[in-house]
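# Breakdown of the fold
Residues per chain are reported as follows:
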Amino acid sequence: MAPHETILQILLIGVANGALIALVALGYTMVYGIIELINFAHGDVFMMGTMISLTLVTWVPSLMGLRRASLIDPPLLALLLIGTLLVAMVCCAILNSTIERLAYRPLRRAPRLAPLISAIGVSFILVNIGLHWKGASPVDFPNLLPNIDLFRDVLGINTPVLFTLKDIFVILLATPLMVGLTLFVNRTRLGKAMRATAQDREAAALMGIDINQTIFLTFLIGGALAGSAGFIHGLYNNSAWFFQGFRGGLYAFTAAVLGGVGNIQGAFLGGMVIGIVAAISDFQFDPRWTQAVVFGILVLILIFKPTGLLGEETAVRA
């Protein structure tokens, strides 16, 4: 493969993985922007999205008398995928908002360490649920997307660069979700309430904003994004594992910090940066060094810009 083709291949892989990381990072950055809580359980909500999706794509075909989902007719398979995505988003939204109601809301006025420990505890609970649900070993997720190379099979370009339908699927699904979330936060009444709550919770309450409802809906939206990311992860990587939320959540939280915690566009940019950096490390060095390279880049950026790439300095309230 020529050098320019290698660079293009790295960028394509990095953008696809970065879009997936960014989807999870959006949930982290929304929650931190509203209540300044690092929701460590968010990565495991993402894992539950994959588990729910895997259960549906294996259970529904069995109800139809088929051994696997790939035997379903294409139109019905498309409906199954759309339905699975929606169910994963709804279930993870309900799960995330329930976590907020039971584990975080009672500790909202407690010292900051208390909700942080609560988040770690919820994370362990979800990890063990995933362990008992699908076992300790990685489980195969059905390969339901056609194995089509867009360059060779669609455009007729003879190149060693591989860009499959899976890659474009991740990008085309993640990007509209990010754009839609940005428009929602900037242009809707609830979005304005979220921004007001993030800026000054007490002042927002005095202006008639229901703080509890706003925070609840923030967790609801963040959970839906995590559920969609779990579904995409299963289809893209064809695997599900009870511990995948740890690494995925760690990368996503790093992306949120890198882009500027509380900044939606920053979380998306951070996810893209980490995806590309990880792809470069996998190609040029060794996948075992990838995490060290990613966090090394994060440290360097935060040394020179502590607020992240798109973060802004905020005044400390007395």
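That block above? That's the structure.
Residues numbered from 1 in each chain as written. Predicted model: local features only at pLDDT ≥ 70, side-chain atom pairs only at ≥ 80, totals over all residues. Heavy atoms only, no water.

## Overview of the nonpolar core
Leu26 and Tyr104 are the most contacted members of the largest nonpolar core, which has 80 residues in total. The contact partners of Tyr104, leaving out residues within four places of it in the chain, are Leu37, Asn39, Ala41, Ile99, Pro115, Ser118, Ala119 and Phe219. Leu150, Phe151, Phe163 and Ile171 belong to the second-largest nonpolar core, a separate cluster that totals six residues. (Core = buried A, V, L, I, M, F, W, Y, C linked by side-chain atoms within 4.5 Å. Buried < 20%, exposed > 50% of the residue type's maximum accessible area, 1.4 Å probe, protein only. Contact = heavy atoms within 4.5 Å.)

## What about the packing of helix 1 (residues 3-35) against helix 9 (residues 211-237)?
With their axes 9 Å apart at the nearest point, helix 1 and helix 9 run at an angle of 165° to one another. When the axes of helix 1 and helix 9 are compared, the pair comes out roughly antiparallel. Considering how the two elements wind past one another, helix 1 and helix 9 form a crossing that is left-handed. Taking contact as the criterion, the partners of Ala16, Asn17, Leu20, Leu23, Val24, Leu26, Gly27, Met30, Val31, Ile34 and Ile35 in helix 1 are, on helix 9, Ile215, Thr218, Phe219, Ile221, Gly222, Leu225, Ser228, Ala229, Ile232, His233, Tyr236 and Asn237. (Axes fitted to C-alpha atoms, helices over the stretch in contact; angles between N-to-C directions. Helix = DSSP H or I, 4+ residues; strand = E, 2+ residues; numbered from the N terminus. Parallel < 35°, antiparallel > 145°, perpendicular 65-115°, else oblique. Left-handed = near helix turned anticlockwise from the far one by under 90°.)

## Section: unusual backbone geometry
One non-glycine residue, Glu36, adopts positive backbone phi at about 55°. Inspection of the secondary structure puts Glu36 in the loop between helix 1 and helix 2 (42-63). By relative accessible area, Glu36 is classed as partly exposed at 40%. Of note in the backbone geometry, Asn238 takes a positive phi value of approximately 55° without being a glycine. Mapped onto the fold, Asn238 is located in the loop between helix 9 and strand 2 (239-240).

## Focus: the side chain of Thr50
Within the fold, Thr50 resides in helix 2. The class of Thr50 is buried, set by a relative accessible area of 0%. A polar side-chain atom of Thr50 sits 2.8 Å from a polar atom in the side chain of Gln244. For Thr50, the residues in contact, after removing those within four places along its chain, are Phe141, Gly230, Phe231, His233, Gly234, Ser239, Ala240 and Gln244. (Polar contact = N/O pair within 3.5 Å; in protein donor to acceptor, adjacent residues only side chain to side chain.)

## Details of the state of the cysteines
All chains considered together, the criterion is met by zero disulfides. Cysteine Cys91 shares no disulfide, and the gap to the nearest cysteine sulfur, in Cys92, comes to 6.9 Å. (Disulfide = S-S within 2.5 Å.)

## Description of a nonpolar patch on the surface
Side chains of Trp59, Leu63, Met64, Leu76 and Leu79 sit close together on the surface and give an oily, nonpolar patch of about 550 Å² of accessible area. Among the elements of the structure, helix 2 and helix 3 (74-104) are those that each provide at least two residues to the nonpolar patch. (Patch = residues over 30% accessible without salt bridge, like charges linked within 9 Å, V, L, I, M, F, W, Y side chains within 5 Å. Areas by Shrake-Rupley, 256 points an atom, 1.4 Å probe, with all protein chains shown as cover. Salt bridge = Lys/Arg side-chain N within 4 Å of Asp/Glu carboxyl O.)

## Description of the pattern of salt bridges
All told, the structure shown has five salt bridges when counted by the stated rule. We note a salt bridge from Arg112 to Glu36, for which the minimum N-O separation is 2.7 Å. Taken together, the residues Arg112 in the loop between helix 3 and helix 4 (113-134) and Glu36 in the loop between helix 1 and helix 2 connect sequence positions 76 residues apart. Arg112 sits in the exposed class, given a relative accessible area of 62%. For the salt bridge of Glu100 with Arg105, the shortest nitrogen-to-oxygen distance reads 3.3 Å.

Taken by themselves, the reported measurements are silent on function.
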